[in-house]
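The residues making up each chain are set out below.
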Amino acid sequence: MLLGCLNSGTSFVSGFAIFSVLGFMAQEQGVDIAEVAESGPGLAFIAYPKAVSMMPLPTFWAILFFIMLLLLGLDSQFVEVEGQITSLVDLYPSFLRKGYRREIFIAIVCFLSYILGLTMVTEGGMYVFQLFDYYAASGVCLLWVAFFECIAVAWVYGADNIYDAIEDMIGYRPGPWMKWSWMIITPVLCMGCFIFSLAKYKPLTYNKEYIYPDWAIGLGWGLALSSMICIPLVMVIRIVQSDGSLIERVKAVAAPRELNRWARESESAVPFYPAAMANGGLIKPTHIIVETMM
């Protein structure tokens, strides 16, 4: 609850900072605020820097503004790269955790992302950036993924099981608000916003003048579907490959399955019950646990 309030409160304060500046620019130019700049890169790199140049000590505020953009980009990159790397490493631990394979894998992912990002700093890079921003990283994709995450956590794995795990980690069970949010409130809101976003969809334009061609819009939807279609596609494939009736197949897919060959314990790993213990012998402890009581 506290994190949600802090997140919404930060957006609320940011709205004052942004729209006060846009309102000032609209007043100076004698136009409507919607005509000053549209959301996206035009707001961050054209409208807002121009407003900063009108302030007292413009150089100082410009430095702070672009340092803020730099730190925001770095923070986003850390989260995105670590989330992707951690998921793949946890999926194939015995393969990617040997030697320096994890570091090499991170270097490969960062290099490919760098090559992809170079296309967005060319002369026509803003058009490429807008295409990725409008389709690949749009709210439609995020809402779709968030909906299935809530279904997987709250209904497939079970909200009560999540509560048990949280209780094991922090020592108490959270309030019922989180459980109802995972099970009902968040999925309903995500699906509702997803439907309204599709109903109010408009083809992509740049700076309210350039209209993207049909092939570019098709490419954008391909980028969006590349992340959206994976969830239902894998689900259908798993159900088709299972045996039994439809209900039995769905239950089998939702149940935990055996580890794949990359996730199994590697041969070099030490087993949990060594041979010495199996023969009745004792082994020397490797850690000393000291318990103190107040």
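As the structure is a computational prediction, the values presented were derived from the model and not from experiment. (Residues numbered from 1 in each chain as written. Predicted model: local features only at pLDDT ≥ 70, side-chain atom pairs only at ≥ 80, totals over all residues. Heavy atoms only, no water.)

Peer 1: Help me understand the side chain of Ser 242, please; the structure alone is not making it clear to me.
Peer 2: Within the secondary structure, Ser 242 sits in the loop between helix H10 (230-241) and helix H11 (246-254). One polar contact links the side chain of Ser 242 to the main-chain carbonyl oxygen of Arg 238, over a distance of 2.7 Å. Excluding residues that lie within four positions of it along the chain, Ser 242 makes contacts with Arg 249 and Val 253. (Helix = DSSP H or I, 4+ residues; strand = E, 2+ residues; numbered from the N terminus. Polar contact = N/O pair within 3.5 Å; in protein donor to acceptor, adjacent residues only side chain to side chain. Contact = heavy atoms within 4.5 Å.)

Peer 1: For this particular structure, what's the right way to read unusual backbone geometry?
Peer 2: Apart from glycine, the bulk of residues carry a negative phi angle, and the bulk of peptide bonds sit in the trans form. We note that Leu 57 has phi near 50°; this positive angle belongs to a residue other than glycine. Note on placement: Leu 57 falls in the loop between helix H2 (41-53) and helix H3 (58-91). Of the residues examined, Leu 57 reaches a relative accessible area of 63% and is grouped as exposed. (Buried < 20%, exposed > 50% of the residue type's maximum accessible area, 1.4 Å probe, protein only.)

Peer 1: Before we go on, may I ask you to explain a nonpolar patch on the surface in this structure?
Peer 2: On the surface, Tyr 100, Ile 104, Ile 108, Phe 111, Leu 112, Tyr 114, Ile 115, Leu 118 and Val 121 cluster together into a nonpolar patch covering about 990 Å² of accessible area. Topologically, Val 121 is positioned in the loop between helix H5 (101-118) and helix H6 (125-136). (Patch = residues over 30% accessible without salt bridge, like charges linked within 9 Å, V, L, I, M, F, W, Y side chains within 5 Å. Areas by Shrake-Rupley, 256 points an atom, 1.4 Å probe, with all protein chains shown as cover. Salt bridge = Lys/Arg side-chain N within 4 Å of Asp/Glu carboxyl O.)

Peer 1: Can you help me understand the confidence of the model for the protein in this one?
Peer 2: Reading predicted coordinates in detail is not appropriate for stretches of low pLDDT. Looking at the protein as a whole, its pLDDT mean stands at 78, while 83% of the residues score no less than 70. With pLDDT under 50 throughout, residues 265-294 is counted as low confidence; its partners more than four residues away or in other chains account for eight contacts. (pLDDT = per-residue confidence, 0-100.)

Peer 1: I keep staring at the packing of aromatic side chains and nothing clicks. Help me out?
Peer 2: Think of a pair of aromatic rings as described by two things: how far the centres are apart, and how the planes are tilted against each other in angle. Enumeration according to the criterion identifies 13 aromatic pairs in this entry. With a centroid separation of 5.1 Å and 75° between ring planes, the pair formed by Tyr 134 and Tyr 135 is classed as edge-to-face. Residue classification places Tyr 134 among the partly exposed residues on the basis of a relative accessible area of 33%. By relative accessible area, Tyr 135 is classed as buried at 3%. Residues Trp 144 and Phe 194 carry aromatic rings whose centres are separated by 5.3 Å and whose planes lie at 45° to one another, so their mutual orientation is tilted. Of this pair, Trp 144 sits in helix H7 (residues 139-170) while Phe 194 sits in helix H8 (residues 176-199), placing them 50 residues apart in sequence. Its relative accessible area of 9% is what places Phe 194 among the buried residues. (Phe/Tyr/Trp six-rings, centres within 6.5 Å; stacked < 30°, edge-to-face > 60°.)

Peer 1: Explain the nonpolar core here, please?
Peer 2: Most often, soluble globular proteins have nonpolar side chains that are buried together. If you look at the biggest cluster of nonpolar residues, it comprises 16 residues, and the most contacted ones within it are Tyr 135, Phe 194, Tyr 212 and Met 228. For this core, the secondary structure elements donating two or more residues are H6, H7, H8 and helix H9 (214-228). Residue contributions to this core peak at six residues, all from H7. In this structure, Met 228 is in contact with Val 140, Cys 141, Trp 144 and Phe 194, ignoring residues within four places of it in sequence. (Core = buried A, V, L, I, M, F, W, Y, C linked by side-chain atoms within 4.5 Å.)

Peer 1: Any chance you could explain the pattern of salt bridges here in plain terms?
Peer 2: A side chain of one charge can pair with a side chain of the opposite charge if their charged atoms are brought near each other. What the rule picks out here adds up to five salt bridges. With a closest N to O distance of 3.8 Å, Glu 82 and Arg 102 form a salt bridge. Residue Glu 82 is located in helix H3, and its partner Arg 102 is located in helix H5; the two are separated by 20 residues in the primary sequence. Accessibility expressed as a relative area gives 27% for Arg 102, which makes it partly exposed. A salt bridge links Asp 90 to Arg 97; the shortest N-O distance between them is 2.7 Å. Each of Asp 164, Glu 167 and Arg 173 takes part in a single network of salt bridges with overlapping partners.

Peer 1: Looking at this structure, how should I read the state of the cysteines?
Peer 2: By definition, a disulfide links the sulfur atoms of two cysteine residues through a covalent bond. Per the stated rule, a full pass over the model turns up zero disulfides. With no disulfide of its own, Cys 193 lies 7.0 Å from the sulfur of Cys 190, the closest cysteine sulfur. Given the relative accessible area of 39%, Cys 193 is considered partly exposed. (Disulfide = S-S within 2.5 Å.)

Peer 1: Help me understand the packing of H3 against H5, please; the structure alone is not making it clear to me.
Peer 2: Each pair of packed helices can be summarised by the angle the axes make with each other and by the distance between the axes. Closest axis-to-axis distance for the H3/H5 pair is 11 Å, and the angle between their directions is 135°. One finds that H3 runs oblique with respect to H5. The two elements H3 and H5 meet at a crossing, and its hand is right-handed. Where H3 abuts H5, its residues Val 81, Glu 82, Gln 84, Ile 85, Thr 86, Leu 88 and Val 89 lie against Arg 102, Phe 105, Ile 106, Val 109 and Cys 110. Of the residues contributing to the contact of H3 with H5, the split by class is eight nonpolar, two polar and two charged. (Axes fitted to C-alpha atoms, helices over the stretch in contact; angles between N-to-C directions. Parallel < 35°, antiparallel > 145°, perpendicular 65-115°, else oblique. Left-handed = near helix turned anticlockwise from the far one by under 90°. Nonpolar A, V, L, I, M, F, W, Y, C, P; charged D, E, K, R; others polar.)

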